[in-house]
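Here's the letter readout for the chains.
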Amino acid sequence: MFREGLLVVVSGPSGTGKGTVLNYLREREKSIKFSVSATTRQPRSGEVDGVNYFFKTNEEFENMIKNGELVEWVRYCDNYYGTPKKCIEDTIKSGYDCLLEIEVEGALNIKKIYPDSVSIFILPPSFEELRRRIESRGTEKPEVIEKRMEKALKEMKLIDKYDYVIINDEVEKAVNSICYILASEKLKSSRNKNILESIGLC
């Protein structure tokens, strides 16, 4: 019996290893499609436009806001980030789970618009390890690193707004945890009303 996909929101501080975890998840779970966010930040090494992000100028992004093309958008560390509406809705209606990797503020906005969405917060093993991971990139100036650490602390204080928390100390274990969460969510009676109706239980 056909069932619409889940909307899954994943957040976590920069440097927590979200990208690595989600790349493993992407290869393993073919029932999940990843929503591509729009941003005005510069591409990092190896990132591809339309795959990792839709890289936009400030003017292009602001036009998307004016035209109502985004479900949510935030300004973070002097750059815009936003989620295109059409991508989410087309994916869910086709039966695939739609996964969004977005900042905390954006995730909380998504939860207001889509209360049935599943929200997951990914944590590093420790705050010290988070700093080490960010510094080891070698791509950001010390003042930017400090901004990210301050932002990370603020984000971690909002963990209780999320449905689930995963500590990324081992990538495979973190991926398994996400898979268990999604499998459990799909078994909830509230998400299976069509099946209950088909056998005359509601």
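This text goes with the structure placed above it.
Throughout this description, residue numbers start from 1 for each chain and increase along the sequence as written. In view of the model being predicted, local features appear only for residues whose pLDDT reaches at least 70, and side-chain atom pairs are presented and counted only at 80 or more, with totals across whole chains, interfaces and linings using the full set of residues. Note: side-chain values were computed over all heavy atoms of the structure, leaving out hydrogens and water.

J.: It is not clear to me how the overall build of the protein should be interpreted in this structure. Could you clarify?
T.: Numbering of helices and strands runs from the N terminus; a helix is a DSSP stretch of H or I covering at least four residues, while a strand is a stretch of E covering at least two. When helices and strands are counted, the protein shows eight helices and nine strands. For 202 residues, the compact-globule formula gives about 17 Å, and the C-alpha radius of gyration of the protein, at 18 Å, lands near that figure. Across its three principal axes, the protein shows a C-alpha extent of roughly 60 × 40 × 30 Å. Exposure classes here rest on a 1.4 Å probe applied to the protein chains alone. A residue is buried below 20% of its type maximum, exposed above 50%, and partly exposed in between. For the protein, with 202 residues in total, the buried portion stands at 43%. The contact criterion used is simple: two residues touch if any of their non-hydrogen atoms lie within 4.5 Å. Taking the contacts inside the protein whose residues are at least 6 apart along the sequence as the reference set, 66% of them involve residues at least 24 apart. Accessible area of the protein: about 11,300 Å², with a carbon and sulfur share of 50%. The charged-residue count follows a simple rule in which Lys and Arg add positive charge and Asp and Glu add negative charge, with His and chain termini not counted at all. In plain terms, the charge of a residue is placed at NZ if it is Lys, CZ if Arg, CG if Asp and CD if Glu. Mean positive and mean negative side-chain charge positions of the protein (32 and 33 charges, respectively) differ by 2 Å. For a compact globule the rule gives 2.2 Å times the number of residues to the power 0.38, and the radius of gyration it is set against comes from C-alpha atoms. Reported accessibility uses the Shrake-Rupley method at a 1.4 Å probe radius. Residues are deemed covered only where the shown protein chains occlude them.

J.: How should the packing of aromatic side chains be read in this particular structure?
T.: Aromatic rings considered in pairs are described by the distance between their centres and by the relative angle of their planes. Pairing of aromatic side chains here covers Phe, Tyr and the six-membered ring of Trp, requires ring centres within 6.5 Å, and sorts the geometry by plane angle: under 30 degrees stacked, over 60 edge-to-face, intermediate tilted. This structure, assessed with the given rule, holds six aromatic pairs. Their ring planes at 80° and their centres at 5.2 Å tell us that phenylalanine 121 and tyrosine 162 sit as a pair that is edge-to-face. One end of the pair, phenylalanine 121, is in strand 8 (residues 118–123); the other, tyrosine 162, is in the loop between helix 6 (142–156) and strand 9 (164–167), and 41 residues separate them in sequence. Among the aromatic residues, those joined into a cluster by ring pairs are Tyr53, Phe55, Tyr76 and Tyr81. Stacked on the ring of phenylalanine 34, the Lys or Arg arginine 26 has its end atom at 4.2 Å from the ring centre. For a lysine, the NZ atom is tested; for an arginine, the CZ atom; a charge sits over a ring if that atom is within 6 Å of the ring centre and within 35 degrees of the ring normal.

J.: What is the right way to look at the packing of helix 1 (residues 18–28) against helix 7 (residues 171–186) in this model?
T.: Helix packing for two helices is described by the angle between their axes and how far apart those axes are. In this analysis, axes come from line fits to C-alpha atoms, helices being fitted only over the stretch in contact, and the angle between any two N-to-C directions falls in the range 0 to 180 degrees. Packing of helix 1 against helix 7 leaves a shortest axis separation of 9 Å and a crossing angle of 60°. With respect to helix 7, the element helix 1 is oriented oblique. Judged by the twist between their axes, the crossing of helix 1 over helix 7 is right-handed. For the pair helix 1 and helix 7, contact is made by Thr20, Val21, Leu22, Tyr24, Leu25 and Arg28 and by Val171, Ala174, Val175, Asn176, Ile178 and Cys179, respectively. Roughly parallel covers angles under 35 degrees, roughly antiparallel covers those over 145, roughly perpendicular covers 65 to 115, and oblique covers all other angles. Throughout, a crossing is termed right-handed when the near helix is turned clockwise from the far one, and left-handed when it is turned anticlockwise from it by less than a right angle.

J.: Please clarify how the packing of helix 5 (residues 127–137) against helix 6 should be interpreted in this entry.
T.: Packing of helix 5 against helix 6 brings their axes to within 11 Å, and their N-to-C directions diverge by 145°. Once helix 5 is placed against helix 6, the crossing between them reads as right-handed. Facing Phe127, Leu130, Arg131, Ile134, Glu135 and Arg137 of helix 5, the residues of helix 6 in contact are Ile145, Glu146, Arg148, Met149, Ala152, Leu153 and Met156. Of the residues that constitute the contact of helix 5 with helix 6, the class distribution is eight nonpolar, no polar and five charged. We call Asp, Glu, Lys and Arg charged. Ala, Val, Leu, Ile, Met, Phe, Trp, Tyr, Cys and Pro are nonpolar, and the rest, Gly among them, are polar.

J.: I would appreciate a short explanation of the sheet that holds strand 1 (residues 7–11) in the present structure.
T.: The strand order across the open sheet formed by five strands is 2-7-1-8-9, and the pairing between neighbours is parallel. Edge strands, defined here as strands with exactly one partner in the open sheet, are strand 2 (32–34) and strand 9. Between one strand and the next, the sheet's axes are offset by a mean angle of 25°, whatever the strand orientation. A pair of strands is considered paired only if DSSP assigns at least 2 bridges between the two. Pairing of strand 8 with strand 9 involves four bridges; the strand directions are parallel. Residue pairing in the sheet places leucine 123 in a bridge with isoleucine 167 of strand 9.

J.: Help me out: how do you make sense of the nonpolar core in this one?
T.: If you look at the biggest cluster of nonpolar residues, it comprises 22 residues, and the most contacted ones within it are Leu7, Ile88, Leu100, Ile110 and Phe121. Elements represented by at least two residues in this core include exactly strand 1, helix 3 (85–93), strand 7 (97–101), helix 4 (104–113), strand 8, helix 5 and helix 6. Of all the elements, helix 6 adds the most residues to this core, at four residues. In this structure, phenylalanine 121 is in contact with Ser11, Gly12, Pro13, Val104, Glu155, Met156, Ile159, Tyr162, Tyr164, Val165 and Ile166, ignoring residues within four places of it in sequence. Take the buried Ala, Val, Leu, Ile, Met, Phe, Trp, Tyr and Cys residues and link them wherever side-chain atoms come within 4.5 Å; each set so joined is a nonpolar core. Counting residues in hydrophobic clusters, the runner-up holds 19 residues, among them Val21, Leu99, Ile120 and Val175.

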